[in-house]
Amino acid sequence: MKPVETTSPTDEFVKGLWRENPVFVQVLGMCPVLAVSNTAINALAMGLATTFVMCMSNTLVAVLRHAIPRQVRIATYILIIATFVTVVDYTIEAISLDLHRALGAFISLIVVNCLILGRAEAFASRHGAGIAMLDGLGMGAGFTLALVCLGGVRELLGSGSLFGVAVLPAGFEPWIVMILPGGGFFTLAAWLLLINYLKQRRQADAEPVREALQ
Amino acid sequence: MNGPDSERAWPMYRALVGVGMACGLLIAIVFAGTRPAIEQNRAEALERAVFAVLPGAERRVTLILTADGRVTPDVEAPGERFDAAFDADGNLIGAAIEASGMGYADTITLLYGYSPASETITGFRVLASRETPGLGDKIEKDPAFLANFEALDVSLDETGMSLRNAIETVKPRAKSEPWQIDGITGATISSDAVGEILTRSTARWVPLIVENRDEIAARGRDEAR
Amino acid sequence: MNEQSLWSIFVNAALVNNFVLAYFLGICPFLGVSAKIGTATRMGGAVMFVMLVSSVCAYGIHHLLIAIGAPFLELIAFIAVIASAVQLVEMFIKKMSPALFRALGIFLPLITTNCAILGLALFQTNKGYGFGQAIVYAFGAGAGFTLALILMAGIREKLEFADTPQVVRGTAIALIVAGILSLSFMGFAGLGA
């Protein structure tokens, strides 16, 4: 799955956005994606918090990668991640109590987001600090993008607004199902369908070319 | 035997203990740094809620009700918290009390204001709920429902120990007595739950507030001075 | 502190606020290990067991940290203890019952990063449950998780034989099924009142 040693730093950043998008392509870190994407603002805040944690933990893991023995590496990574999550938790509570309340326990649950531990183990423990930070930023940006895609659709259809601003005409009857838990599953399924469809079309387009080459 | 083993174990201890100490220190620093802002946010949010459920209130003091039914301003004392609210001159407006109970989907927590002068509930705010959006969450938004709580009768009987009339949730638009609550169509269980929570909480709190009224009012005069 | 009855706690954790279908906790194993009823049942059993253990641990840690005045270490302590508890349980089962170990095998390490376990520890602390209530809560949450997993596995076994379009196969159809399950579980609301 992993690409052969990518070269340019921009590529490390961009790959997380689309080609290896953590949510749409790797289907990782689903729990927060579904749980806090009922409005676009919650989704954005969650995405940024996760990005910060991933960026910091990736950097620290990369810096310490020679000092940590293999046997205790997972325990150390979890320790580092839990620390930054606690930091984010207190920071969000200090900035806005309402936001903290809306995200609830899901801020603390960033600790067990398999995406973060996965990046620390698969990428940061094998690369330099700078590249690892970019990887964290890119993956985080991809995660945030996916969350906002989901949150935007759910908020638009579920309450007729976007980022808290009413955008649909007053006569619009909100589809309440979209902000219910079931709507989270449906919206993510719809996005995955769209992406599968695009992928299949591209493959179908590439097929005749490959045949012609043979 | 011990030599090579402990030699191999040393980097592990160093990594775990070192990282652990550094992490603990970082958390403690951030905790100390954000504490004032968090406390202030919480106090402001509480103040907004208290002033919303007790119209006319301009000052607020957090008090503790101890297990033996006394009221003390010592917030470290063991017991249950509530807030007393006063007007600008320090006259008692009422008490804001938190109560919770099961709703349709999960626990509903709310804050209500009680005025000893009029012996009524003067308003309530939902602090936390997971009621169904669009249906159950009308308990927070429906103006007709909220109007029930502008002067909900919770007067005490002659003994001063229990309510004269228990709060009752009736069918929508069937309210005929000051101690009744009009339910909400499509949110029967949620609106019943609010009535139920208030009934249980007022039955315990109202006699205690009335009994300690002078003590509570004295705090307001302290504040105004 | 919290006077909710044990029955109400159980029904709420298992059905009304099902960890998977209402709180979205433990989605990874829910999608990953729900292809066969047999594996789903074993996974459910393992999760329920670890939930009970970590619920007891979380109760202890919470009160210990309050007592020494360091509540800010709670998250780190929870995750560290859950990880070690899983490890201990793994070693214990390996020693006591090799057959059970083979059956649970790969699932146990996976549980460490299962957000349902940490979620349980956080929720029971937030709700201020007492010791007995916490255990019932863990039991209910585990039962709900197992139920959701088995239901999903049953549907997916049938789905194998259905003629679904190429484009929805895999995660997409699993999510649609999960959405419908989630909607039908909403019918349980009000049971725990």
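Residues numbered from 1 in each chain as written. Chains lettered and ligands numbered in written order. Predicted model: local features only at pLDDT ≥ 70, side-chain atom pairs only at ≥ 80, totals over all residues. Heavy atoms only, no water.

(A) Main features of the side chain of S190 of chain B. By the element assignment, S190 of chain B lies in helix α4 (residues 188–211). Setting aside anything within four residues of it in sequence, one finds S190 of chain B in contact with Y104, E131, G136 and I139 of chain B. (Helix = DSSP H or I, 4+ residues; strand = E, 2+ residues; numbered from the N terminus. Contact = heavy atoms within 4.5 Å.)

(B) Structural view of the pairing of strand β6 (residues 120–128) of chain B. Residue and element names in this part refer to chain B. As judged from the 7 bridges shared by strand β5 (residues 107–115) and β6, these two strands associate in the antiparallel manner. Paired with S115 across the bridge in β6 is T120. Examined bridge by bridge, β6 and strand β7 (residues 152–153) share 2 bridges and lie antiparallel to one another. Across the sheet, the residue bridging to T120 is D153, located in β7. (Pairing = 2+ DSSP bridges.)

(C) Quick peek at the sheet that holds strand β4 (residues 92–102) of chain B. Residues and elements named next belong to chain B. Read across the open sheet, the 7 strands follow the order β2-β1-β3-β4-β5-β6-β7; overall the sheet is antiparallel. The open sheet has two edge strands, β2 (71–72) and β7, and neither has a second partner. α4 contacts β1 (59–65), β3 (80–86), β4, β5 and β6 of the sheet and is inclined by roughly 40° relative to β5. (Axes fitted to C-alpha atoms, helices over the stretch in contact; angles between N-to-C directions.)

(D) Molecular detail of the interface of chain A and chain B. The partner chain B presents 23 residues to the 25 residues of chain A that form the contact. For the pair chain A and chain B, the summed buried surface comes to about 1,900 Å²; carbon and sulfur atoms form 79% of the total. Counting across the chain A and chain B interface gives 3 residue pairs in polar contact (both at pLDDT 80 or more). Looking at the side of chain A that touches chain B, the elements with two or more residues in it are α4 (73–95) and α5 (97–103) of chain A. Looking at the side of chain A that touches chain B element by element, the count peaks at 13 residues for α4 of chain A. (Buried area = accessible area lost by both parts, 1.4 Å probe. Polar contact = N/O pair within 3.5 Å; in protein donor to acceptor, adjacent residues only side chain to side chain.)

(E) Representation of the packing of helix α3 (residues 40–63) of chain A against helix α7 (residues 129–159) of chain A. All names here are of chain A. One way to put it is that α3 packs onto α7 with a least axis distance of 8 Å and a crossing angle of 165°. Viewed along their axes, α3 and α7 adopt a mutual orientation that is roughly antiparallel. For the pair α3 and α7, the crossing hand works out as right-handed. Here the contact of α3 with α7 is composed, by residue class, of 19 nonpolar, 10 polar and 2 charged. (Parallel < 35°, antiparallel > 145°, perpendicular 65-115°, else oblique. Left-handed = near helix turned anticlockwise from the far one by under 90°. Nonpolar A, V, L, I, M, F, W, Y, C, P; charged D, E, K, R; others polar.)

(F) View of the confidence of the model for chain A. Averaged over chain A, the pLDDT score is 84; the fraction of residues at 70 or greater is 93%. Put simply, helix α1 (residues 9–17) of chain A is where chain A has its lowest mean pLDDT, 77, and α3 of chain A is where it has its highest, 92. (pLDDT = per-residue confidence, 0-100.)

(G) Quick look at the packing of aromatic side chains. Within this structure, the stated rule accounts for 16 aromatic pairs over all chains. Where F31 of chain B meets F72 of chain C, the ring centres are 4.5 Å apart and the plane angle is 35°; that geometry is what we call tilted. Taken together, the residues F31 of chain B in helix α1 (residues 2–53) and F72 of chain C in the loop between α3 (37–68) and α4 (74–96) connect one chain to another. When sorted by exposure, F31 of chain B lands in the same class as F72 of chain C, which is buried. Note on W7 of chain C and F10 of chain C: the rings are 6.4 Å apart at their centroids and 25° apart in plane angle, and the pair reads as stacked. Here F10 of chain C and W7 of chain C lie together in helix α1 (residues 6–16), a separation of 3 residues that amounts to about one turn. Members of the aromatic cluster, each reached through a chain of ring pairs, are F19, Y23, F123, Y129 and Y137 of chain C. (Phe/Tyr/Trp six-rings, centres within 6.5 Å; stacked < 30°, edge-to-face > 60°. Buried < 20%, exposed > 50% of the residue type's maximum accessible area, 1.4 Å probe, protein only.)

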